[in-house]
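# Inside the fold
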Amino acid sequence: MSESVLRQRRPTVAILATGGTIAGEALVAAQTIGYTAGVIGVDRLLSAVPELDSVAAIRAEQVASIDSKDLDNALWIALTHRVNILLAQDDIDGLVIMHGTDTLEETAYWLHLTVSSEKPVVLTAAMRPFTALSADGALNLFNAVTLAAYPDAAARGVLVAFANRIHGARDITKVSTYAIDAFASPESGVLGWVHDKRVEFQRRVTRTHTIKSVFRLNVINTQNLLPVVQIVVSHAGVEGIIVDALVNAGTHGIVVAGTGNGSIHATLQKALVHARTQSVSVVRSSRVGSGHVMHNAAAPDDILGLVSAGTLNPYKARILLMLSLAHGWSEPIVLQSLFDRY
Ligand code: SIN
């Protein structure tokens, strides 16, 4: 029997809808690409899953209606504030965010670092639009609510429920452009599974998150301006001009999606060394999609003042660098200790 059944009262789960394919609409049911994401409102989405009533009382809000490729810092900041407010309420037990798959891993990690509650926060999404034959959104939503209502999902950081699997926010990445099972947690594996109202965890996350995180939004100014951190890719024939342009534009940090173990083309490295002389922070990640970027291995990090991202992919490394710089932490040794801990 799941622990949620053993609660004294029926759990209440808040749902924040942001758009995505889970709220996507196509002209005909056979259409699974070429639809419009983020157009169907949360009430209609919920009315398609009456079984939610058997799991939790639901309080739903529409916070955005976007294709997640268009996500920006302002929505992240608004989400963190709203999540913190809702989870501070005694009668809310957990929270689900309906999101697009394209930047889901980024929002999950952003919230993992900035939410100040141990209550379950679960993101979910869909690969097929709401109107499609065999749409996956309804079951993903049902499983996400089941997980958010499950007491032992607390204190595990931000979670993702997708295709019956439970992923950690730090680990998850999108690995297919079309497959229904579009996500994986390379290097670390899934945290557990959710099937038919049953939740099973196989491991805990070890890195720091949520209530123990040092990252808080009160350092961000009222214009929602975060330090500018851009991602550049190292590849055959790359030129340093892109880095020079970013430096000239006043960029505060650069994450390099390096080859292999975060190695950087000599031409690009020359430009990045120059960027360091202009106080631009530089983090080495990898474009490979799995594996670990080791410190002082494919580049002399300590000599060049670079930071290695470990297992964080470039998109998540960008978030950690942005938040670190927002707190005023830019010394390579300090940044490295944050990348080793988060
Ligand atoms: C989106 O990310 O909003 C569109 C794609 C998707 O949800 O699968």
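Residues numbered from 1 in each chain as written. Predicted model: local features only at pLDDT ≥ 70, side-chain atom pairs only at ≥ 80, totals over all residues. Heavy atoms only, no water.

## Observations concerning the layout of surface pockets
Put simply, the largest pocket is a space of about 560 Å³. Lining the largest pocket are 34 residues, with Pro186, Gly291, Thr311, Leu312 and Asn313 sitting closest to its centre. For the lining of the largest pocket, the secondary-structure elements that each account for two or more residues are β7 (173–174), β13 (281–286) and α8 (314–326). Per element, the largest residue contribution to the lining of the largest pocket is 3 residues, and it comes from α8. (1 Å grid on protein atoms, 1.4 Å probe; cavity = no way out; pocket = protein on both sides within 12 Å on 5 of 7 lines; lining within 4 Å. Points joined across faces, edges and corners; volume = space filled by probe spheres on them. Helix = DSSP H or I, 4+ residues; strand = E, 2+ residues; numbered from the N terminus.)

## Observations regarding the pattern of salt bridges
Within this structure, the stated rule accounts for 11 salt bridges. Note that Arg44 is salt-bridged to Glu25, the shortest N-O span being 3.7 Å. With Arg44 in helix α1 (residues 42–47) and Glu25 in the loop between β1 (12–19) and α1, this residue pair connects regions lying 19 residues apart in the sequence. By relative accessible area, Arg44 is classed as partly exposed at 42%. By relative accessible area, Glu25 is classed as partly exposed at 34%. Put simply, Asp152 and Arg156 hold a salt bridge, and the shortest N to O gap is 2.9 Å. According to the relative accessible area criterion, Asp152 is partly exposed, its value standing at 27%. (Salt bridge = Lys/Arg side-chain N within 4 Å of Asp/Glu carboxyl O. Buried < 20%, exposed > 50% of the residue type's maximum accessible area, 1.4 Å probe, protein only.)

## Digging into the sheet that holds strand β11 (residues 229–233)
If you trace the 4 strands from one edge of the open sheet to the other, you get β11-β12-β13-β14, paired in parallel fashion. Of all the strands in the sheet, just β11 and β14 (307–308) have a single pairing partner and so form its edges. For strand β12 (residues 253–258) and β13, the ladder comprises 6 bridges, and the chain directions are parallel. Counted as the bridge partner of Val256 is Arg284 from β13. Packed on one face of the sheet, helix α5 (residues 241–248) meets β11 and β12 and runs near 170 degrees to β11. (Pairing = 2+ DSSP bridges. Contact = heavy atoms within 4.5 Å. Axes fitted to C-alpha atoms, helices over the stretch in contact; angles between N-to-C directions.)

## With respect to the domain arrangement of the protein chain
Assigned domains within the protein chain: domain 1 (9–211) and domain 2 (227–341). Here domain 1 and domain 2 have C-alpha centroids that lie 30 Å from each other. Counting from both sides, the interface comprises 17 residues of domain 1 and, opposite them, 17 residues of domain 2. Of the roughly 1400 Å² buried between domain 1 and domain 2, counting both surfaces, carbon and sulfur atoms make up 56%. Of all residues in domain 1, the largest losses of buried area upon contact with domain 2 belong to Tyr109, Arg170 and Arg207, amounting jointly to 35% of the total for that side. The interface formed by domain 1 and domain 2 includes 0 salt bridges. (Domains from an automatic or database assignment. Buried area = accessible area lost by both parts, 1.4 Å probe.)

## What to know about the packing of α5 against helix α6 (residues 266–277)
Running from N to C, α5 and α6 cross one another at 15 degrees; their axes reach a closest spacing of 8 Å. Looking at the two axes, α5 sits roughly parallel to α6. For the crossing formed where α5 meets α6, the hand is right-handed. Of the residues in α6, those in contact with Ile242, Val243, Asp244 and Val247 of α5 are Leu268, Ala271, Leu272 and Ala275. (Parallel < 35°, antiparallel > 145°, perpendicular 65-115°, else oblique. Left-handed = near helix turned anticlockwise from the far one by under 90°.)

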